[in-house]
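Reading the structure
Here is how the chains run, residue by residue.
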Amino acid sequence: MVGIKLFCGHESFYLSDNILGPVYALAETYNVPVLFHSEKDSSQYASYFAVCEAVRQHPNITFVCCHCHYPNVEACFQRYKNVNNIVFDISSIADVQMTADMRKAVQSELQRHPDAIMFGSDYAGCSQADHLDFAMSLAVSDDIRSRLLYKTAYRVFHLA
């Protein structure tokens, strides 16, 4: 096991629900991250407030914000800017509705926090080629790109 993904929004629970106590205990015991779904249709269950409450309750767990609250990518980075135990997964944002503002937000966040964003494609949910093309097209240094493509994931998922 390298991580636990929670689908708040697809399922009717908040990340701060007490029922998740055993899940968080498992994540801490095995030192694995907790990934959470945050895409546009997640409703109130993946709201910024609900996420921040859970993340602050569990400072020893790394949380991975999957999809960066797509399409509100820039707002996502702004809302979590003072939260130290969140990493962002850019899966599902490189689709036909991706805007120049989203691209700029990812580039800017990578410049500010190069170890806080990692590549993701949401396998079978969207085009992996489009996501890889997006990652390769970002105006960042080779060092930052290598962090985005694999180094951050290696660290977060303890793969090395």
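Above this text sits the structure in question.
Residues numbered from 1 in each chain as written. Predicted model: local features only at pLDDT ≥ 70, side-chain atom pairs only at ≥ 80, totals over all residues. Heavy atoms only, no water.

Residue position: Asp95 is located in the loop between strand 4 (86–89) and helix 4 (100–112). Taking the relative accessible area as the measure of exposure, Asp95 reaches 29% and is therefore partly exposed. Separated by 11 residues in the primary sequence, Asp95 and Val106 have C-alpha atoms spaced 14 Å apart. (Helix = DSSP H or I, 4+ residues; strand = E, 2+ residues; numbered from the N terminus. Buried < 20%, exposed > 50% of the residue type's maximum accessible area, 1.4 Å probe, protein only.)

As a further point, take unusual backbone geometry. Between Tyr70 and Pro71 the backbone carries a cis peptide bond, its omega angle lying at 10°. In this structure, Pro71 sits in the loop between strand 3 (63–66) and helix 3 (73–79). Phi is positive for Asn31, which is not a glycine, with a value near 50°. Within the secondary structure, Asn31 is located in the loop between helix 1 (21–30) and strand 2 (34–37). Phi at His67 is positive, roughly 80°, even though this residue is not glycine. Relative to the assigned elements, His67 resides in the loop between strand 3 and helix 3. Residue His67 is classed as buried on the basis of its relative accessible area, which comes to 1%.

Computed from the structure, the largest pocket encloses a volume of approximately 210 Å³. Residue lining of the largest pocket: 14 residues in total, with Val83, Asn84, Ile86, His113 and Ala116 positioned closest to the centre. Among the elements that take part in the lining of the largest pocket, strand 4 stands out by supplying 3 residues, more than any other. Looking at the lining of the largest pocket, its residues break down into 6 nonpolar, 4 polar and 4 charged. (1 Å grid on protein atoms, 1.4 Å probe; cavity = no way out; pocket = protein on both sides within 12 Å on 5 of 7 lines; lining within 4 Å. Points joined across faces, edges and corners; volume = space filled by probe spheres on them. Nonpolar A, V, L, I, M, F, W, Y, C, P; charged D, E, K, R; others polar.)

Of note, His158 is situated in the segment after helix 6 (142–156). Residue His158 is classed as partly exposed on the basis of its relative accessible area, which comes to 45%. Along the sequence, His158 and Val32 sit 126 residues apart, while their C-alpha atoms lie 7.9 Å from each other. Contacts of His158, omitting those with residues within four sequence positions, involve Asn31 and Ala153. For His158, the side chain forms a polar contact with the main-chain oxygen of Asn31, separated by 3.1 Å. (Contact = heavy atoms within 4.5 Å. Polar contact = N/O pair within 3.5 Å; in protein donor to acceptor, adjacent residues only side chain to side chain.)

This part is about the pattern of salt bridges. Opposite charge on two side chains permits pairing when their charged atoms draw close. Per the counting criterion, the structure on display carries 3 salt bridges. Arg147 is paired through a salt bridge with Asp115; the nearest N and O atoms lie 3.2 Å apart. Of this pair, Arg147 sits in helix 6 while Asp115 sits in the loop between helix 4 and strand 5 (117–118); the two residues are 32 residues apart in sequence, bridging distant segments of the chain. Residue classification places Arg147 among the partly exposed positions, given a relative accessible area of 21%. (Salt bridge = Lys/Arg side-chain N within 4 Å of Asp/Glu carboxyl O.)

Quick look at the environment of Glu11 now. Structurally, Glu11 is set in the loop between strand 1 (4–6) and helix 1. Judged by its relative accessible area of 48%, Glu11 is partly exposed. The spatial distance from the C-alpha of Glu11 to the C-alpha of Tyr45 is 8.4 Å, given a sequence separation of 34 residues.

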